[in-house]
Amino acid sequence: MKSKEPNVKYVEWHSPEELHEAALNWVSELKFIKDEQHFLDELIQNYTLQLISGKTFEKSKIVVNELSQKRKMIDPLLKKIINHHNDLTILLDGIDQPKEEKQYKEDHRVLIVEVVRYLNDYKEIKRKIFELIKNIMKQGKQKRLLN
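Residues numbered from 1 in each chain as written. Predicted model: local features only at pLDDT ≥ 70, side-chain atom pairs only at ≥ 80, totals over all residues. Heavy atoms only, no water.

## Some thoughts on the packing of aromatic side chains
Taken as a whole and judged by the stated rule, the model has one aromatic pair. Residues Tyr-118 and Tyr-122 carry aromatic rings whose centres are separated by 6.4 Å and whose planes lie at 0° to one another, so their mutual orientation is stacked. Here Tyr-118 and its partner Tyr-122 are both found in helix α5 (residues 98-146), four residues apart, which amounts to about one turn of the helix. By relative accessible area, Tyr-118 is classed as buried at 2%. (Phe/Tyr/Trp six-rings, centres within 6.5 Å; stacked < 30°, edge-to-face > 60°. Helix = DSSP H or I, 4+ residues; strand = E, 2+ residues; numbered from the N terminus. Buried < 20%, exposed > 50% of the residue type's maximum accessible area, 1.4 Å probe, protein only.)

Listed below in structure tokens is the structure:
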């Protein structure tokens, strides 16, 4: 499933307060995802033997690698957002700087695309992990019922 490219032409008309709020929401959501990734890591560790067994090995390997890639991307993305948020003073300082203000809004537009893409990809990976674990749990339950 390919994620849709968000339409972000409206950034030009956002107020500094709205841009500030968007950046804070991104930081909050990404910090939550970092915590959630720890949970997913523990879940994967608890089901490692089943994940590396026959049928699920290849699929599990791909999904775990995808999760690992997303984990590596989150800190640089968080730093980029925090730095962008700190640069918000360009819009608030009362000095007319049309080039800098335009660049800030363009950077914000690029960040919107990057954050939305990251969140969509991460949600898809999380869905795949839950699907794998759900199938493993079903198989375990079936084996117990047969015994």
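## A word on the layout of surface pockets
Volume-wise, the second largest pocket comes out at about 160 Å³. Every residue along the wall of the second largest pocket is listed here: Gln-50, Ser-53, Gly-54, Lys-55, Thr-56, Ile-136, Gln-139, Gly-140 and Lys-143. In terms of residues, the lining of the second largest pocket owes the most to one element, α5, which gives four residues. By residue class, the composition of the lining of the second largest pocket is one nonpolar, six polar and two charged. (1 Å grid on protein atoms, 1.4 Å probe; cavity = no way out; pocket = protein on both sides within 12 Å on 5 of 7 lines; lining within 4 Å. Points joined across faces, edges and corners; volume = space filled by probe spheres on them. Nonpolar A, V, L, I, M, F, W, Y, C, P; charged D, E, K, R; others polar.)

## Digging into the pattern of salt bridges
What the rule picks out here adds up to nine salt bridges. Here Arg-71 ties to Asp-41 by a salt bridge, and the two come within 2.4 Å at their closest N and O atoms. Highlighted residues: Arg-71 in helix α3 (residues 57-86) and Asp-41 in helix α1 (residues 16-46), separated in sequence by 30 residues. What makes Asp-41 partly exposed here is its relative accessible area of 21%. (Salt bridge = Lys/Arg side-chain N within 4 Å of Asp/Glu carboxyl O.)

## Observations concerning empty space enclosed by the protein
Throughout the structure, instances matching the rule amount to one cavity of 30 Å³ or more. The computed volume of the largest cavity comes to approximately 30 Å³. Taken together, Ile-44, Leu-51, Ser-60, Val-63, Val-64, Ile-129, Leu-132 and Ile-133 form the lining of the largest cavity. Put simply, the parts of the chain that give the lining of the largest cavity at least two residues each are α3 and α5.

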